[in-house]
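Structure assessment
Here's the letter readout for the chains.
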Amino acid sequence: MMTALSPTTLAWAASDTWVVARRHLMRLLRRPDELLGTLLIPVMAVVMFGFVFGEALGAGMAMSGSDYRAYLLPGLFTLSMAFGIGTTTMSVATDMRSGVVDRMRTLPLWPVAMLAGRSLADVLTALVELAILLPLGMLAGWRPDGNAMTVAAAIGLLVLLRLALSWTGILLGLLVSGPEAAMKYFALVFPLAMVADTIVPTTLMPSWLTVLAQWNPLSATVNATRGLFATSAGSADSWVSQHAELLAIAWPVGITVVGLMLALFRLRQLSR
Amino acid sequence: MSTDVQPAILLEGVSKRYRGRGAVLDGLDLVVGPGTVHGLLGPNGAGKTTTVRILTTLLRFDAGSAWVAGRDVVKDPIGVRARIGVAGQFTTVDELLSGRENLELFARLHHLPPKTARLRATDLLERFDLAPAADRPVRGYSGGMRRRLDLAVSLIRNPQVLFLDEPTTGLDPRSRLEVWNSVRELASSGTTVLLTTQYLEEADRLCQRISMIDHGRVVAEGCSAELKLYVGRTRAEISVPEGRDLLGAAHRVAMNVGSMPELDADARTLSVAMNGEAQILEQLAGALRELGLTTEELALRRPDLDDVFLHVTGRTTQGQRER
Ligand SMILES: Nc1ncnc2c1ncn2[C@@H]1O[C@H](COP(=O)(O)OP(=O)(O)OP(=O)(O)O)[C@@H](O)[C@H]1O
Ligand SMILES: [Mg+2]
């Protein structure tokens, strides 16, 4: 238990958030296949992009296949953070449909806690995902060359991105008509995840797309983590990529704040 | 409020329209005394769930005012939430968690400390006969068990006012009886219950007072006996077999009884209001003999709430689904 119960509102809020988060984690433990399913995407991406297309993609960037894989993996860590948005959206849409959200709204509960609990569960899940993916990456030939501090900072940035996308997913889950619709929108994650420095450098994309891709929040996280893991300098030739670390903090923080506010607004709107 | 006994629920002229629709509630008034079981009875789309959602702080309304347990639903939703229990039209327990985990989860969200939450969960599992299944995932529960768990969840904090939206819809007769018993037990311990139902029998059996609503308005209100007065007394009913002249039979009955019976061509029945005089039965028996029918075809029918509903709205509660 995170809090000894004290009468202060803050303690209630923390306790509520933790109780809600624990529910989501328990649900996840009851369906470990779902966590495996989420991990399948980055793992398959290592196989497909790293090994199947690795030589070809590396050649396009004047790299060997193994150099390309070292370049690729921080991109896939980021990509895996992005794909978590699907789980979040589905979960919130399912709770909306089943009436769990309504039931919680009839409890004397801090409304933010209901959503923040989901987001806390996402962050904790992201840490588990990374704890599995990083060693897998090392099996594929990637090495974090930085020191413990920079590696921790990189992991921090990845989780921060997950937090931002968690709030985006919560907002989407509150907006879509149901879990079926959430499934259909999932395809939108692909451009978000791939029109960025994740798989191939944005400089190799058509020029009109380059600008968009460089400003993609994921690019900031990818480039910043590549820098912190110090595996590859990345393509530091534009303002955006030179300020990747700043943006890798600013983007997620901004998205989290906006997402949280819109989600709360939406929650209040439910009573119209 | 000026009365010395504060109503547990008070709705005054509450109107609600959803975006792009006509009025769903149209000046609804409702007073529910503390400690009573009050039935909200109406067909699909009458506005029952809308009323419950308003009273449980889930839905805003356009006009009128609403109080629950002496608190204004709009001005003090938190105060209301701390005093109510809600079991919605559809059960909202978590399928993946066990019954115990569900109860502990909601107990914690009701701000019970962990140890108290555990004890409370065990208590409620016992009370609702769920102890043997307590640690199994709810996914494997029967419909009746889910309902009981849902009811148990809504009782975690000993609510002053309990809202049950169609608590027995979709249950088999045995599970229905179990839910009814739970409601009676609660009522006897002083909890106020507002219960919505489409089943007239349910309202008849459980509720001290009944409000019939239709198109978002109360069309009749009272205890079950009072409502039955709307449609009058017991009636004697004769079924005329297929192939016999219904109108001819009606005239024969009229000659014996002294007034034309009410005629239902679809059901092929003739019915006569009983005014308590025993001779009507004799007269009817005479008519039956003359028609060559046996007393098998004669039945006494007490009016039920179905008749009241038909009488007040001109429609039965069945037969019309969505509007
Ligand atoms: N969110 C909504 N948006 C628009 N219309 C709605 C909404 N919820 C309910 N309605 C409409 O309001 C009317 C009353 O609905 P309500 O759910 O209160 O009826 P009910 O008496 O509970 O019916 P049932 O017996 O089917 O549960 C219906 O015509 C319904 O279609
Ligand atoms: Mg309803």
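To be clear, the structure that these remarks concern was listed above.
The sections below set out a description of the structure shown in this document. (Residues numbered from 1 in each chain as written. Chains lettered and ligands numbered in written order. Predicted model: local features only at pLDDT ≥ 70, side-chain atom pairs only at ≥ 80, totals over all residues. Heavy atoms only, no water.)

1. Side note on the coordination of the magnesium ion (ligand 2)
Residue and element names in this part refer to chain B. Taken together, Thr49 (OG1) and Gln89 (OE1) make up the full set of protein donors to the magnesium ion (ligand 2), lying 1.8 to 2.2 Å away. Here glutamine 89 lies in the loop between β6 (84-87) and α3 (99-109) and threonine 49 lies in helix α1 (residues 48-55), a separation of 40 residues in the sequence. Owing to a relative accessible area of 27%, threonine 49 belongs among the partly exposed residues under this scheme. On the accessibility criterion, glutamine 89 (22% relative accessible area) is partly exposed. (Donors = N, O, S within 2.8 Å, 3.2 Å for Na, K, Ca; no water. Helix = DSSP H or I, 4+ residues; strand = E, 2+ residues; numbered from the N terminus. Buried < 20%, exposed > 50% of the residue type's maximum accessible area, 1.4 Å probe, protein only.)

2. Details of the packing of aromatic side chains
For the structure shown, the criterion picks out 8 aromatic pairs over all chains. Here phenylalanine 77 of chain A and phenylalanine 229 of chain A contribute two aromatic rings whose centre-to-centre distance is 6.2 Å and whose plane-to-plane angle is 75°, an arrangement assigned as edge-to-face. In this pair, phenylalanine 77 of chain A is assigned in helix α4 (residues 65-98) and phenylalanine 229 of chain A in helix α11 (residues 217-229), connecting sequence segments 152 residues apart. Aromatic side chains tryptophan 142 of chain A and phenylalanine 229 of chain A sit 5.0 Å apart centroid to centroid with 85° between the ring planes, which places their arrangement in the edge-to-face category. Of this pair, tryptophan 142 of chain A sits in the loop between α6 (111-139) and α7 (148-175) while phenylalanine 229 of chain A is found in helix α11, placing the two residues 87 residues apart along the sequence. By relative accessible area, which is 0% here, tryptophan 142 of chain A ends up buried. When its relative accessible area of 0% is taken as the criterion, phenylalanine 229 of chain A is described as buried. An aromatic cluster of at least three residues, connected via ring pairs, comprises Phe77, Trp142 and Phe229 of chain A. In this structure, arginine 103 of chain A packs its charged tip against the face of phenylalanine 106 of chain B, placed 5.6 Å from the ring centre. Over the aromatic face of tyrosine 199 of chain B sits the side chain of arginine 176 of chain B, whose NZ or CZ is 4.5 Å from the ring centroid. (Phe/Tyr/Trp six-rings, centres within 6.5 Å; stacked < 30°, edge-to-face > 60°. Lys NZ or Arg CZ within 6 Å of the ring centre and 35° of its normal.)

3. Brief notes about the nonpolar core
Formed by 70 residues in total, the largest nonpolar core has its most connected members in Leu103, Leu109, Met212 and Leu305 of chain B. Beyond its immediate sequence surroundings of up to four residues, leucine 103 of chain B is in contact with Ala121, Leu124, Leu125, Leu149, Ala152, Val153 and Ile156 of chain B. (Core = buried A, V, L, I, M, F, W, Y, C linked by side-chain atoms within 4.5 Å. Contact = heavy atoms within 4.5 Å.)

4. So, the sheet that holds β6 of chain B
Residues and elements named next belong to chain B. Read across the open sheet, the 6 strands follow the order β6-β7-β8-β3-β9-β10; overall the sheet is mixed. With partners counted over all chains shown, the strands left at the sheet margins are β6 and β10 (217-222), one partner each. Adjacent strand axes in the sheet meet at a mean angle of 15° when their direction is disregarded. Where strand β3 (residues 37-41) and strand β8 (residues 192-197) come together, 5 bridges link them in parallel fashion. Across the sheet, residue leucine 40 finds its bridge partner in β8, namely threonine 196. Here helix α5 (residues 143-154) sits on the sheet in contact with β6 and β7 (161-165), set at roughly 160° to β6. (Pairing = 2+ DSSP bridges. Axes fitted to C-alpha atoms, helices over the stretch in contact; angles between N-to-C directions.)

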